[in-house]
Each structure stands twice: as C-alpha cells, then as structure tokens.
Amino acid sequence: MANSHPDRDDVQDEPTSGDDTQAPPTGDDAHAQDGPTGEEDAQAAPTSLSRRSFAKALGAAAVFGAGSSVVGSASAVSDLDAALSPDGEVTLDPGEYDWDGSGFDIGSGDALVGGGEPGDVVLNLEGGTMDGGVEGRLENVVVRGANPESKSGLDVHPGATVDGFVWPEGGQQSEDRAMYSPNGGDERLTIRNSAWAWMANNGAYIDKPATTMENCAAVNNNIANVRVGHSDGTSEDETTYIRNTLVAVTEEVASDDTNSANARGIRLREPGNLVIENCWFVYLDVPGTADLVELHDGAAGSTVTIRDCVFYNDSDGDLVRDKSGGEMDVTIENCTVAGSGSTNVEPDYEGSGVEEVDEVSVPLPSEVTGYAAADEIEGVGEGVGPWDGEASAPSSSGDDELDHTIVLHASPDNDAAGDVTFTVDGDVEFAAEAEPDTDTIVENDDGTVTATSVALEPDALDSYHYAGGVVDYSVPEGVTVDVAVDGNTTTFGELVGDDQQSDDGGDASGSTDTLEVVSNQAGDLDYEFVVDGSVELHETSEQITAGHGDSIEESGDGTVTVTGFTGNDGYGDAYLVDGEVVSFTWQPEDYDFEVRWNGEVVDPTALTEDASSDDGSSDDGSSDADSSGDGSSDADSSDDGSSDGSSDDGSSDGSSDGSADDGSSDDGSSGDGGTDELPHLVTVDGGDAYDVTAYTFTVSGDVARDADLSSTTEDGSTWDRVEDFARDGKVIGLVGSGVDAFRFSGGVTELTVEGDATVTVERDA
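Residues numbered from 1 in each chain as written. Predicted model: local features only at pLDDT ≥ 70, side-chain atom pairs only at ≥ 80, totals over all residues. Heavy atoms only, no water.

A. Examining the overall build of the protein chain more closely. Helix and strand counts for the protein chain come out as 5 helices and 54 strands. Counting every position in the protein chain, which comprises 765 residues, the buried fraction comes to 59%. A separation of at least 24 residues holds for 74% of the contacts in the protein chain among residues at least 6 apart in sequence. In the structure as shown, the protein chain presents an accessible area of about 28,400 Å², 40% of it carried by carbon and sulfur atoms. (Helix = DSSP H or I, 4+ residues; strand = E, 2+ residues; numbered from the N terminus. Buried < 20%, exposed > 50% of the residue type's maximum accessible area, 1.4 Å probe, protein only. Contact = heavy atoms within 4.5 Å. Areas by Shrake-Rupley, 256 points an atom, 1.4 Å probe, with all protein chains shown as cover.)

Here is the structure:
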C-alpha cells in the first residue's frame, strides 16, 4: 500500500503554553492538507466484519460446525516480504530481520502476527522510512532504529487493530509520525499494548476514526503524543476511549524547520466524545512542553470525561486546557497530581476533580505495554521523574463497596430504542458498555440513585456496578429488556419484589412467553392451538419465524385461535403468547416436531394443562414427552420453561440487596449438567484483555456453566468475579481477562457479543 500522508507545510498553529507570543508556531492544523495526497484520495473507506457482527451472523445461522471459532487459522513464515503483505493471517517466525522500511500492506481481513512471546519479532530499520498501511491486524512487532528518512508512519484505517507495535527510537525526521489515520468511517480503530516515541510531527495522529487505545505508552513526541477526534465520515456521536496509557515528555522533543518543540499530551482536535481513564501523565521541566490535555477549539461541542488518572507535572503546562472557550461538557473525577509544576485545570467541570498529593507512583512503559523494549525509549527509567518501577493508579471511587453488577440486554426483537431506568438504595457507577457521555446516573432527594440507559438500542447491552438493592425501574411500552445481576438471569420485577409492569406500561418483567413449533423432518405439519389471551407473530431466528400462511383469529370469547403449518428439518414458527394455552392439536399425528416454551422443549398436551398455570410449573416440574405424534417427549425440562438442573431457589428472590440468592447449584448449571445430556460447548475467552466483554446467548435446550473449563483471574476486576448462570436457556454474562465456558443441548438461537473476547461454539465437544 502506498504511503499517503498529508504534507506538513500548512498553516501554522499557535503555541499552547506560557506566553502565546513567545513560542514559535507549529504546523499541523490545516485541514486542506489533512487527507491523503496520492491515488487513494478517491477511494471509499475500507470495511470489515466486526467481532460483534460476526457473532451475530453466527447467532442467525443457529448451526455450528465442530470447533468453529471467531479466530481463523494462520500460516507461519520466515520470509519478511511475505509477512509484510499477508494473504489471510500470517505468523512471522521469531527472530531479528533486517528491514529497508518498505511498507506494511495489511488488508482488511488479513493479519501479520509476530510469533513467540511479546518482543520476539524485531525489524531492524536500516534504510528508507518506516511506512505502510494497516486495514486488518498487526500484532507483536518491534521496530528498532531511528527513521533514516522522512516521512514515517503507518496508515491505520477504521476497523484496523494494532496490538503490540513498539518503536523505541521512533521517527526523528521531518513530518515523522508513528501512526496516521487517513480517513474516518463507521468502524472502530483499536490500538493496544504499543509504544511510540521521538516523533517530530505527532505520535499517534488519529483524529478521524473513533478509537479505543489501551495499555500504550507515548513518550517524547512533538505536537501531540496522541491526537484524536472524529471527522471525515465518523459520527460526532461516537466515543474515543484512551485507557491505561502512559503519556510522557521527559526531554526536549525532536522538531524540524516546520515545527517548534511544542509537545502536548492528549489533544482532542476534532469534535467527538472522549473518555480518558486510568492513565498516567508525566511532564518534566524541560524545553518545549505544552499542556498535558488540550481541548482544541476545533473540537467545540465535545463531551470529555477524565477519570482515575495520575498526573506528575513539573512543567508550566496546564493539566487540562480548554481552547474552546467553555464550549465543551467536561467531567473530571478521582484524579491526583504531584510535582512542582502547574496544577491548573482551565475548563469548568463536573466531578470531584484533581486532588493534590505529595507523590504518585507511575509504571514504566514495559509494565504498561507488556514489552521490555518499551523501556529502551530514551528519557524513561528508574530515577527519572516519578518512576520507581511500580505501577499504581487510583482505584475507582467506591469500587470496593459496589459489590453487585447488573447487565441489561435489550431484546433484538424490540422495534425501537428506549430509555431504561433502575433505581437503587445505594450507589451506582458505569461498568462495561454503558456510555457515560450518553447514559446518566442521578442522585435523588430521597437518598436513592437512578441510572438510565438512554436510547438502549435493540440487541444492545449496558452494565453497571451498584451497592444496595434495586427498588424501582421503568421500561417503555413495547420494549423488552432481559436482566442479570451478578451473573444470575432475573427480571426487574423479581428484583423489586413483584412482577408489576413499569410505570409507563412497559412489560419489564417479560410476562409474555415465546412458543415455537419446529419441524424435525421434511414434509408438511399442520397445527392449531387456542390461547385464552392474545398472540402475536414472532421470530426467534431466520429459520423460525411465523407469518407465512399462519393466522391468528379472535373467537369473541376472549380466546384466539392460531392456525399454522411448517415443514423441513430445523424450520418452524414462533409466537408471543400473553395468556394460557388451552388446546394444541396437529396433523399428521406421527409427525416428528418440537414445541418449545421459552426455549425449552415441552409436551404440547402438558403445555395446555400446566405451562401457563399460575405458578408456571407442572405438579412434578417435569415432562416425559418427546414431541412425537403421540404427544410424548423425553425432554427433561420443567413446564415453565426453566431447566430442571437448577435448584428451586437459584434465581433472585427479590430481596433488597438486589442480588440473586446463593441457592443455585455449585457449578451454576441450569440443566442436567452431564456431558452426555449437554454435548455442545460455548467458550467466551477474554484472553489478557484490559476491557470487559458483555455477551448473551440463548439455546433451544438446556445450558450449564462448565466450571472446569471456566476460569477467573485472581487480580481481575469486578466483572471477572461474576458467575454467569442461565434461565430459560438464556445466559447473560461478562468476561474480562478470564474464560467463561458453558455446555448446552439443542442449538444456539441468539448470540450477541459487545467486546473483543474470542467466542467459540463447538458441537459434540
């Protein structure tokens, strides 16, 4: 891929520290020059399949081959040229390679992965300039040697992932950057476990796509160590996240004839939402420093949240400068600052702000990124500034007291987004997938706290940590939301001690039931059932959807009659039932089919007697029907649709502490738990992720957590300590750096993944 960076002889920018008339201007801001200058100008932004869309595609298929996984296979090579332009995923053998700087060309869907442990693949830059493009994935590559020629930089596109790119010497020539985003778009750019230093013209120049940056180190880069924003096709409503990242200026940075030394930390240059959390800023008293966080006037209208960060400042630069004249919404909370320099925060803000302390502890770049080579950046090391080699960041305010985690999953069948609220008699804070710039947490006059997932889209997930118990909730009419507390699937109604509807009439407790009629053979099946209540046509998958020749007729006596037909193995119809099923008949009598009530296989004749009874269960809690023509079934499930492996009190009891009680079985199973009865396996592997993945899946049979294959990390976050259980075949879970594994029977009918965990579904595993 040709190098396509903008020219730098553009309009000069003003300095940002000290007297604005004294420092020479910099040159990085003219947007007429901000796009690529070569043939790629006219090309559309590349697209790729995101982790979530891939998972949703799997869920829609509902049929999985053995060992199917989100992660594909890879080939290993020792040919550097082949690795730099991979076709598919290519692993470069561990070792050191002489490199002339000829560009990376990693297309969408392709990957270059350095083999071995972190840092085992080293490219020694001996000529040319470090450049190229990444639309797919670049992983575990260390570049050594300063850039011989200008202008360096990887073009990183929306949808790309850079995971483990370390360049200690960096680009010290004119116009050099480590990374540059030539375009924006709908897909997210991800940069992790990486380090860059000594760039003369921005470290990471990525102010077009929405970006997630985690576990990175940006040291001694001019103009901006990290420059972000949303433009060139990226919605301003998107959010860029910078987490667990070290930003430092410890020596006078490299500059050239177009740029003076004027080194900002994180610079928001274009409008958007920005969250900076659990980061470290180190600015020493050296020439050429600027503000540690700069909010540029070109980003007016943005929303900025800075939380749980450590500042060490010996310079004159502001901790946070707002050049927009107050045209931004800024929140700063639970941050600390030490050092002899400025502690000024210019913008008005909400939150607890920045506390001045005598000393702070800051990790070395290697401890942040996981790469020993990152400590070879000139200007860092023990004895420099605050470094003592021990990583430490302030803990989230109140985190130890917020001992419950609630996950909300909006049904994919919802027609529209809705504001979903819940109120607790304790404290609440945002957790994974909640959006602090959109969602809200409000303290009420009576001492309770209300959290609102604003415009929760169909099939979206939000989560919160909280203390106390859930005392109230509200769900809009026509919106269905599934709920899990501490991994136990429950309902809002149970949490507050009843099954009432929300204040504005919404069915928050999920009182409607799902009935599916699914064929197990070829040929036509005709069926009819009567409900004392109401019925709606429904769809649970691409193969199970009502409406083609199916009809619902009101009888005038409060009942409705559903007449339908289906055929072909694995296909069927689905309905939402509000009321009791009073009869169910079918022809031919010996037809092989299943009737599923809330995902559980039931005897349709037993369903008419028990499945819709007041307590939702049959006398003995089980059925021996096999759904054959004689009406019998061997499915060992309770008539209320819940699997029979869970103990009677394994769900939330609606007590005031808001958590499900501890009566569930030891392994959290909701089915029989045996491998023979639950032959298939779902694994959600968070790997070494800093962030959390929220997920949910539903099976047509039983499901049980596999305790032997599941694991959590001892020092993990709150979500790593959350167990994940099922109800009615549905699991709602969170995974951080651990592994969640489940065994199940039947098929997967729905699957939603928000995050970067690897999801594997294996049949007969």
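B. Seen up close, the pairing of strand β7 (residues 121–125). β7 sits mainly inside the fold: 5 of its 5 residues count as buried. Here β7 pairs with strand β9 (residues 137–144) via 3 bridges, running parallel. Directly across from L123, in β9, lies its bridge partner V143. (Pairing = 2+ DSSP bridges.)

C. Fine view of the packing of aromatic side chains. The final tally for this structure, using the stated rule, is 15 aromatic pairs. Consider the rings of F422 and Y464, whose centres lie 5.3 Å apart with planes at 70 degrees: the pair is edge-to-face. Taken as a pair, F422 in strand β32 (residues 418–424) and Y464 in strand β36 (residues 461–466) lie far apart in primary sequence, 42 residues in all. Judged by relative accessible area, which is 0%, F422 ranks as buried. Given the relative accessible area of 0%, Y464 is considered buried. (Phe/Tyr/Trp six-rings, centres within 6.5 Å; stacked < 30°, edge-to-face > 60°.)

D. Summary view of the side chain of N220. Mapping N220 onto the fold places it in the loop between β17 (217–219) and β18 (224–228). Residue classification places N220 among the buried positions, given a relative accessible area of 0%. Side-chain polar atoms of N220 contact the backbone nitrogen of T250, separated by 2.7 Å. N220 has contacts with A197, W198, M199, N225, A248, V249, T250, E251, V253, E378 and G379, leaving out every residue within four places of it along the chain. (Polar contact = N/O pair within 3.5 Å; in protein donor to acceptor, adjacent residues only side chain to side chain.)

E. Main features of the environment of T343. Mapped onto the fold, T343 is located in the loop between β29 (335–338) and β30 (354–356). Residue classification places T343 among the partly exposed positions, given a relative accessible area of 33%. Separated by 24 residues in the primary sequence, T343 and L319 have C-alpha atoms spaced 6.0 Å apart. Non-local contacts of T343, meaning those with residues more than four positions away in its chain, are made with L319, V337 and E356.

F. Structural detail: the pattern of salt bridges. All chains considered together, the criterion is met by 18 salt bridges. Across the pair R192 and E214 runs a salt bridge whose closest N-O atoms are separated by 2.8 Å. Taken together, the positions of R192 in strand β13 (residues 189–192) and E214 in strand β16 (residues 211–214) put the pair 22 residues apart, joining distant regions of the chain. Given the relative accessible area of 16%, R192 is considered buried. For E214, a relative accessible area of 1% gives the class buried. In this structure, D207 and K208 form a salt bridge, with 3.7 Å as the shortest nitrogen-oxygen distance. Its relative accessible area of 0% is what places D207 among the buried residues. (Salt bridge = Lys/Arg side-chain N within 4 Å of Asp/Glu carboxyl O.)

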